[in-house]
Amino acid sequence: MILGVDYYPEHWPDEMLEEDIERIVKLGANTVRIGEFAWYIMEKNEGEFDFSYFDKVIAALKQKNMKIIFGTPTATFPAWVAKKYPEVIAEDEFGRPHAFGGRRLYCYNSEKYRALSARIVTELLRHYQDEEAIISWQIDNELGHEGSDQCYCAQCESGFRQFLKTKYLKIDKLNKTYGTVFWGQSYNDFDEIPIPKPTITSHNPSLLLDWARFRSVSINGYAKLQIDIVNQYKRKNQKVIHNFFGGFFNRAYDQNLLAENLDVVAYDNYPVWGGLERPLEPAHIAMTLDYIRGLKQANFWIVEELMGAQGHTVIGYLPRPNQAKLWAQQAMARGCEAMLYFRWRGMDKGAEQFCQGILDCDNLENEKYREVEAFFTEMKKNEQFYQSEIRSDVAILYDYDNRWSWSAQPQSHAFDFTEEFVRFYKGFYSLNVMTDVISIDKNFESYKILILPAMQIVDDTLRKRIEKFVQEGGVALFGYRSGIKNKDNNLYFGENELYKMCGMAVEKYESLGKNHTEIIENEDGQLGKVSVWRDMIKVGSAKALYKYTDSFYSDYAAVTENNIGKGSVYYVGGGVDNSTMKSLAQIICVKQNIDFFMIPEGLELVRRKSSQILLNHTETIQKYKEIEIAPYEGKLIKI
């Protein structure tokens, strides 16, 4: 099992290298990750390549039998690049180039930056192509993070217009698709089409969706450039990875396309970050891990695992004793099979000097060091359990087109795509039912339950796939606004085909906005709440499971069930509360003969082959079948 730390020896005096490596080995690590921000050290002046520093570092690591993950250094280019080639720098929506000094400043469509990147990556791979200690190459670093997925420069404008020309071929087709007759937006030529810089009111929704697709092509194309070079020179047993990050639904690129070209998906796991007074809730963290596993539907690596408080300018919540260790155990339980902590030692200079590492700047072994040491010991002892395959009967589906469609028109001030996704995920998580998080493009025939929150774009192909799945005995659970739009981000005209499948029709709807809820009630008198949005539903063949209780709309359903063939379709017409969603999830699990576990709130149970992992996310002792789990303890039970 790969267990290690992120190590930046270039940040410290050379005389500390040997002692650092000895202490990292003593910690229980067998791998370090290096190099991803060190372009200047490798190419101080253009075309003058010098890898002698990392030669020395690698030689010292090899003396202790340490393995290495090496990152291509393209996330942070040297100052000489900015000075000599200012055209590589991305521009914001107001046409202002970013100032040198941050990271990921480059435009993905800059031919010059692509050439510079290709050259440094080629030289790096050539130099180390025979180095057996390197087990993996990491492509760049957190592509698209911190707003770097967007650029509005002239190169992107030209690229976007060419993207549209290739897609639509004729301007009349684009005009018809976009409905540019509205507001007199019709174009005579592709060169008249704007990129979505700020305007009065808003841009055309179809244009905004195509812009997001173009950004995705741009980023994935840049990644593929590097991946192809690495594959040309790497050793056969070396893995190609990229480290994805949280908040993926808020980025303008489909990470599934990048994942297809990787050997292993990696992730940077930060349940809390600067400015957050509390960490993400356990269900949200679990969802992100299941998403990462779903990119290749296989176990994954974590190459940055939080240890300590984090933040660049504002510092966030300090993980309580053993809580950071618990987050690492949760990741291992949900499919991580290689774990590296960020970072070996917190830096005393630069923008991340308040991002704590295993060691602080006092360089003393501390509580965090002992947590990591205990975690490594436990993982080595139970390696066989954490390397096993994860199988699930439930899948929650997403589509980046849907995410980008909602971004163009959120429809409610209270709408947040990720929060809606977690709302549905949490219903099954609270029952300790393992759920895969996968793209709609992946095969879902083997599952028993499909969950589709915020799926407003549903084309005929997807609808027919789901209908076939249900006819053959599956259950599909839809959220509000499902199936109202086509792939061009336009509303369907005429009778809604998805509503037919659901056995109902949405006659009215309204945004509930922020801090506005409505009461719903089932036939047993159980009350619930909806927020964010509500569809007022008239049932046909469907059964109303919940209805609204307010005087004007009490005849309308809020949640429905419709039987089709051997299966059923459920439709949730608003942002229902956690209790209602959990009750609905329980009904569906019983219907599909899926085991679930009602255990104390705050306790998470994950089943793996021949084991169960119990994770206590609370500050108090929890009990499960006479087993005591201490605060923030993870406990593996062999079965």
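Thresholds, definitions, all that
- Going along each chain's sequence as written, the residues are numbered from 1 onward.
- Restriction of local features to residues with pLDDT of at least 70 applies here, the model being predicted, together with a cutoff of 80 or more for giving and counting side-chain atom pairs; totals for whole chains, interfaces and linings are based on all residues.
- For the side-chain quantities, the full set of heavy atoms in the structure was used; hydrogens and water were omitted.
- Nonpolar cores are built from buried Ala, Val, Leu, Ile, Met, Phe, Trp, Tyr and Cys residues. Side-chain atoms within 4.5 Å join them into one set.
- Working definition: with a 1.4 Å probe on protein chains only, accessible area under 20% of the residue-type maximum means buried, over 50% means exposed, and in between means partly exposed.
- Secondary structure elements follow DSSP: runs of H or I of four or more residues count as helices, runs of E of two or more count as strands, with numbering from the N terminus.
- Pairs of residues are marked as contacts when any of their non-hydrogen atoms sit within 4.5 Å.
- Expected span of a helix, by definition, is 1.5 Å for each gap between consecutive residues, and there is one gap fewer than residues.
- Directions drawn from the helix axis to the C-beta atoms are what define this arc.
- The rule for pairing is simple: two strands pair if DSSP sees at least two bridges between them.
- A fitted line through C-alpha atoms serves as each axis, taken over the contacting stretch for helices, and the angle formed by two N-to-C directions is quoted from 0 to 180°.
- Should an angle fall under 35 degrees it is called roughly parallel, over 145 degrees roughly antiparallel, and 65 to 115 degrees roughly perpendicular, with every other angle called oblique.
- Under the scheme applied here, ten amino acids are nonpolar (Ala, Val, Leu, Ile, Met, Phe, Trp, Tyr, Cys and Pro), four are charged (Asp, Glu, Lys and Arg), and all others, including Gly, are polar.
- Disulfide: a pair of cysteine sulfur atoms within 2.5 Å of each other.
- Here a salt bridge means any side-chain nitrogen of Lys or Arg lying within 4 Å of a carboxyl oxygen belonging to Asp or Glu.
- Patch construction takes residues with relative accessible area above 30% that form no salt bridge. Like charges are linked within 9 Å, and nonpolar side chains (Val, Leu, Ile, Met, Phe, Trp, Tyr) are linked within 5 Å.
- In these tables, accessible area is a Shrake-Rupley quantity obtained with a 1.4 Å probe, and a residue counts as shielded only by the protein chains included in the view.

Ranked by size, the top nonpolar core spans 159 residues in total, and within it Phe 70, Phe 77 and Met 339 carry the most contacts. Here the element with the most residues in this core is helix H8 (residues 205-233); it accounts for 9 residues. Sequence-distant contacts of Phe 70, that is, excluding residues within four places in its chain, are made with Ile 34, Gly 35, Met 42, Phe 54, Ile 58, Leu 124, Tyr 128, Ile 134, Ser 136, Trp 137 and Gln 138.

In this model, helix H6 (residues 154-168) (15 residues) spans 21 Å end to end at C-alpha, consistent with the 21 Å of a helix rising 1.5 Å per residue. Cys 156, Phe 160, Arg 161, Phe 163, Leu 164 and Tyr 168 are the residues of H6 that are buried. Taken end-on, H6 shows its buried residues confined to a sector of 155°, consistent with a single buried face. Of the residues in H6, the exposed ones pointing more than 90 degrees away from the buried face are Ala 154 and Thr 166. The inward-facing, buried residues of H6 contact helix H7 (171-178) and H8. Note on H6: the residue one or two positions beyond its end, Leu 169, has a positive phi of about 65°.

Moving on: the sheet that holds strand S20 (residues 611-616). An order of S19-S20-S23 is seen for the 3 strands of this open sheet, with the pairing classed as antiparallel. Each having just a single partner strand, strand S19 (603-608) and strand S23 (634-638) make up the two edges of the open sheet. Along the sheet, successive strands turn relative to each other by an average axial angle of 20°, direction set aside. Across 5 bridges, the pairing between S20 and S23 is antiparallel. Along S23, the bridge assignment pairs Gln 612 with Ile 637. On top of the sheet, helix H11 (residues 323-333) reaches S19, S20 and S23; it is set at about 150° to S20, its chief contact.

Contact geometry of helix H1 (residues 17-27) with helix H12 (residues 367-381) gives a least axis separation of 9 Å together with a crossing angle of 55°. In terms of orientation, H1 and H12 fall into the oblique class. Between H1 and H12, the contacting residues are Arg 23, Lys 26 and Leu 27 on the first element and Tyr 369, Val 372, Glu 373 and Phe 376 on the second. Among the residues forming the contact of H1 with H12, the class breakdown is 4 nonpolar, no polar and 3 charged.

As a further point, take the sheet that holds strand S2 (residues 31-34). Hydrogen bonding along the main chain pairs the strands of a sheet, whether they run parallel or antiparallel. Ordered by their spatial adjacency, 8 strands build a closed barrel running S1-S2-S3-S4-S5-S6-S7-S8, and the pairing between neighbours is parallel. With direction set aside, neighbouring strand axes in the sheet form an average angle of 25°. Lying over the sheet, helix H3 (residues 52-63) contacts S2, strand S3 (67-71) and strand S4 (134-138), oriented at roughly 155° with respect to S3. Across the sheet, H11 is in contact with strand S6 (264-269), strand S7 (300-306) and strand S8 (336-342); its angle to S8 comes to roughly 155°.

Looking now at the side chain of Glu 420. Structurally, Glu 420 can be placed in helix H15 (residues 417-429). Aside from chain neighbours lying at most four places away, what touches Glu 420 is Phe 415, Pro 453, Tyr 480, Val 532 and Gly 575.

As enumerated under the stated definition, the model contains 0 disulfides in all. The thiol of Cys 153 is unpaired, and the distance to the nearest cysteine sulfur, on Cys 151, comes to 3.5 Å. Of all cysteine sulfurs in the structure, the one in Cys 502 sits closest to Cys 589, which takes part in no disulfide; the separation is 19 Å.

Turning our eyes to something else, we now look at the pairing of S20. Within S20, 6 of the 6 residues are buried, which leaves it mostly tucked inside the rest of the structure. Of the two faces of S20, the one lined by Ser 611, Ile 613 and Leu 615 and the one lined by Gln 612, Leu 614 and Asn 616 are each fully buried. Pairing of S19 with S20 involves 6 bridges; the strand directions are antiparallel. Counterpart to Val 606 in the pairing with S20 is Ile 613. Between S19 and S20, which pair antiparallel in sequence order, lie 2 residues; one of them, Ser 610, sits at a positive phi of approximately 65°.

All right, on to the pattern of salt bridges then. Applying the stated criterion across every chain, the model contains 47 salt bridges. For Glu 157, the salt bridge goes to Arg 161, with nearest N and O atoms at 3.5 Å. Highlighted residues: Glu 157 and Arg 161, both in helix H6, separated by 4 residues, approximately one helical turn. The class for Glu 157 is partly exposed, based on a relative accessible area of 27%. A relative accessible area of 17% places Arg 161 in the buried class. Measuring nitrogen to oxygen at the nearest pair gives 2.8 Å for the salt bridge that ties Arg 534 to Glu 510. Residue Arg 534 is found in strand S14 (residues 527-539), and its partner Glu 510 is found in strand S13 (residues 504-522); the two are separated by 24 residues along the sequence. With relative accessibility at 2%, the residue Arg 534 sits in the buried group. Residue classification places Glu 510 among the partly exposed positions, given a relative accessible area of 27%.

On the surface, Val 181, Phe 182 and Trp 183 cluster together to form a nonpolar patch covering roughly 400 Å² of accessible area. For Phe 182, the position within the fold is in the loop between H7 and H8. Look at Phe 182 and you get exposed, because its relative accessible area is 52%.

Both trends apply: most residues other than glycine have a negative phi, and most peptide bonds are in trans. A cis geometry characterises the amide bond from Phe 342 onward to Arg 343, with omega recorded as -10°. Tracing the sequence through the fold places Arg 343 in the loop between S8 and H12. Of note, the phi angle at Gln 297 is positive, near 50°, even though the residue is not glycine. Mapped onto the elements, Gln 297 comes out in the loop between helix H10 (282-296) and S7. Unusually for a residue other than glycine, Asn 363 sits at a positive phi of about 65°. Here Asn 363 lies in the loop between S8 and H12.

Let's shift gears to helix H16 (residues 460-471). Helix length check: H16, at 12 residues, gives a terminal C-alpha distance of 16 Å against a target of 16 Å (1.5 Å per residue), a fit within 8%. Along H16, the positions that sit buried rather than exposed are Leu 462, Arg 463, Ile 466, Phe 469 and Val 470. On an axial view of H16, the arc spanned by its buried residues comes to 125°, and they lie on one face. Of the exposed residues in H16, those oriented more than 90 degrees away from the buried face are Thr 461 and Lys 464. Residues of H16 that are buried in the fold lie against strand S11 (449-452), strand S12 (475-478), helix H17 (497-502), strand S16 (557-564) and strand S17 (567-572). Once H16 ends, the next one or two residues include Gly 473, with phi positive near 115°.

On their own, these measurements won't tell you what the molecule is for.
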